[in-house]
Amino acid sequence: MFSFFRKKPAATPAPTPAPAAFSTSPSSAPPPGYPSGGGLIGSALVQPMEIPVPAPIAPERQRWVDKLSAGLRKTSTGIAQVFTGGQIDDQLYEELESALLMADTGVRATQHLLDEVKRRVQASGATRPVQVKNILIDSLTQLLKPLEKPLVIGEFKPTIIMVAGVNGAGKTTSIGKLTKHLADEGASVLLAAADTFRAAAREQLAVWADRNTVEIVSQAGGDPAAVTFDAVSAGKARGKDVVLVDTAGRLPTQLHLMEELRKIKRVVQKADPTAPHEVLLVIDGNTGQNALAQVRSFDEALGLTGLIITKLDGTAKGGVLAAIAQEKPVPVYFIGVGETLEDLETFNAREFALALLQ
Ligand SMILES: Nc1nc2c(ncn2[C@@H]2O[C@H](COP(=O)(O)OP(=O)(O)OP(=O)(O)O)[C@@H](O)[C@H]2O)c(=O)[nH]1
Ligand SMILES: [Mg+2]
């Protein structure tokens, strides 16, 4: 069973899932029609080809992967067309390069994937474009794997989570969805309405608090750092499991607002020297290559521990996760594919690669 969060302390550490996503090992069964363990054709010893075949998705995740796949369709159609021809040639690789760049995979990640795919196509003796696609799914999975990490709840009580990002990225909505998942798993949550900039922001968070019957700390026209200090203190005093701090949207170029974020972090530390335990950046999946600049700037200001990528429904720029993995691999805790509660899920590299390419 997949869990939304990892709870600590666990009675026994959860076993790390075996990365047996694809049958790439030489000992695995060869594709039909190839001799197992090699065979003689004429005077040449022919080894079975090592062409990865994607393993099936866990049944309980299939619906989610279908939804992710539908959301990523605009990103995936361009890439899928590359593999519709009859042969593997320079044109295929050129088209693959353009398609990956168009999907906002970025120059470095695109080059990495191309090199990797070419190397493995040659090593495996693949002859059909569909085999190249399977190799690409596997290579993309490997590239994205370092981004996979569960959010740990329970190691600290309360676990203080700060959420930041540019305007409209989906911070408040993601906090609402997270609250629902946390509350469903029995965790007590307190919300801090530290977006004191927009009047409607407090109300928006209060709606999520009501919906999930969790407490909220907010002040009309208050200072965001003061609200946060009160919330962290209240979270400790009331024995909450999690305090989620919603901050106002801001651009990394708005230096005074970035300084305000640093101040919020400092007061969190004053209220609880072990905190914040998580500093999350929410990124709109339509952002494309600018997402990398956002990750770098917010990381420099706050020291990010994780990302939430929203709005992967309908984006043509889903390749940006590969760019993040290649250039600034901050873990992706959750991805969002819509506005409803079920539309936020944990990030899994293989699911993402399959949803994008299969
Ligand atoms: N399609 C889609 N819409 C989303 C997703 N996540 C959030 N939204 C929508 O994006 C809009 C902005 O979401 P908010 O949660 O208010 O964004 P925010 O980052 O808190 O915005 P500010 O506080 O104004 O900076 C809302 O209309 C959300 O419903 C998603 O995964 N998919
Ligand atoms: Mg908001």
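That block above? That's the structure.
Predicted model only: the values in this text are computed from it and were never measured.

## Observations regarding unusual backbone geometry
Logical step 1: Of the consecutive residues Lys157 and Pro158, the connecting peptide bond is found in the cis state with omega at -5°.
Logical step 2: Pro276 follows Ala275 through a cis peptide bond whose omega is -5°.
Logical step 3: If you trace the backbone, Pro276 turns up in the loop between helix H9 (255-271) and strand E9 (278-284).
Logical step 4: Look at Asp104: it is not a glycine, yet its phi comes out positive at around 65°.
Logical step 5: Note on placement: Asp104 falls in the loop between helix H3 (90-102) and helix H4 (107-124).
Logical step 6: The buried category is assigned to Asp104, around which 26 C-beta atoms lie within 10 Å.
Logical step 7: The phi dihedral of Thr213 is positive, around 40°, even though this residue is not glycine.

## Details of the site of ligand 1
Logical step 1: The full set close to ligand 1 counts 21 residues, and Gly170, Thr172, Thr173, Gly249 and Gly336 are the nearest of them.
Logical step 2: Here the residues of the shell around ligand 1 are counted per class, giving 5 nonpolar, 10 polar and 6 charged.

## A look at the pairing of strand E8 (residues 242-247)
Logical step 1: Within E8, 6 of the 6 residues are buried, leaving the element largely enclosed by the surrounding structure.
Logical step 2: Of the two faces of E8, the one carrying Val242, Leu244 and Asp246 and the one carrying Val243, Val245 and Thr247 are both buried.
Logical step 3: Where strand E5 (residues 159-165) meets E8, 5 bridges bridge the pair, whose relative direction is parallel. Bridging across to E8, Met162 finds its partner in Val245.

## Examining H9
Logical step 1: Taking 1.5 Å per residue as the helical rise, H9 with its 17 residues ought to reach 24 Å, and the 25 Å between its terminal C-alpha atoms agrees with that figure.
Logical step 2: The set of residues buried in H9 consists of Glu260, Leu261, Ile264, Lys265, Val267, Val268 and Ala271. In a view along the axis of H9, the buried residues occupy a sector of 165°, so they form one face of it. Seen from the buried face of H9, the exposed residues on the opposite side, beyond 90 degrees, are Leu255, His256, Glu259 and Arg262.
Logical step 3: In this fold, the buried residues of H9 make contact with E5, strand E6 (189-194), helix H8 (224-237), E8 and helix H10 (290-302).

## Focus on the pairing of E9
Logical step 1: Summarising burial for E9: 7 of the 7 residues are buried, a large majority.
Logical step 2: Burial of the side chains of E9 extends over both faces: Glu278, Leu280, Val282 and Asp284 are buried on one face and Val279, Leu281 and Ile283 on the other.
Logical step 3: For E5 and E9, the ladder comprises 5 bridges, and the chain directions are parallel. In the strand pairing of E9, Met162 is matched with Val279.
Logical step 4: The pairing of E9 with strand E10 (residues 306-310) spans 5 bridges and is parallel.

## A word on helix H2 (residues 73-81)
Logical step 1: Every buried residue of H2 is listed here: Thr75, Ser76 and Ile79. Angular distribution of buried residues about the axis of H2 spans 85°; they occupy a single face of the element. Opposite the buried face of H2, by more than 90 degrees, sit the exposed residues Thr77 and Gln81.
Logical step 2: Buried residues in H2 make contact with H3 and helix H12 (349-357).

Rules and cut-offs
- Residues numbered from 1 in each chain as written.
- Chains lettered and ligands numbered in written order.
- Predicted model: local features only at pLDDT ≥ 70, side-chain atom pairs only at ≥ 80, totals over all residues.
- Helix = DSSP H or I, 4+ residues; strand = E, 2+ residues; numbered from the N terminus.
- Buried ≥ 20, exposed ≤ 12 C-beta atoms within 10 Å, placed from the backbone.
- Near = placed C-beta within 6 Å.
- Nonpolar A, V, L, I, M, F, W, Y, C, P; charged D, E, K, R; others polar.
- Pairing = 2+ DSSP bridges.
- Expected span 1.5 Å × (residues − 1).
- Arc of directions from axis to C-beta.
- Contact = placed C-beta atoms within 7 Å.

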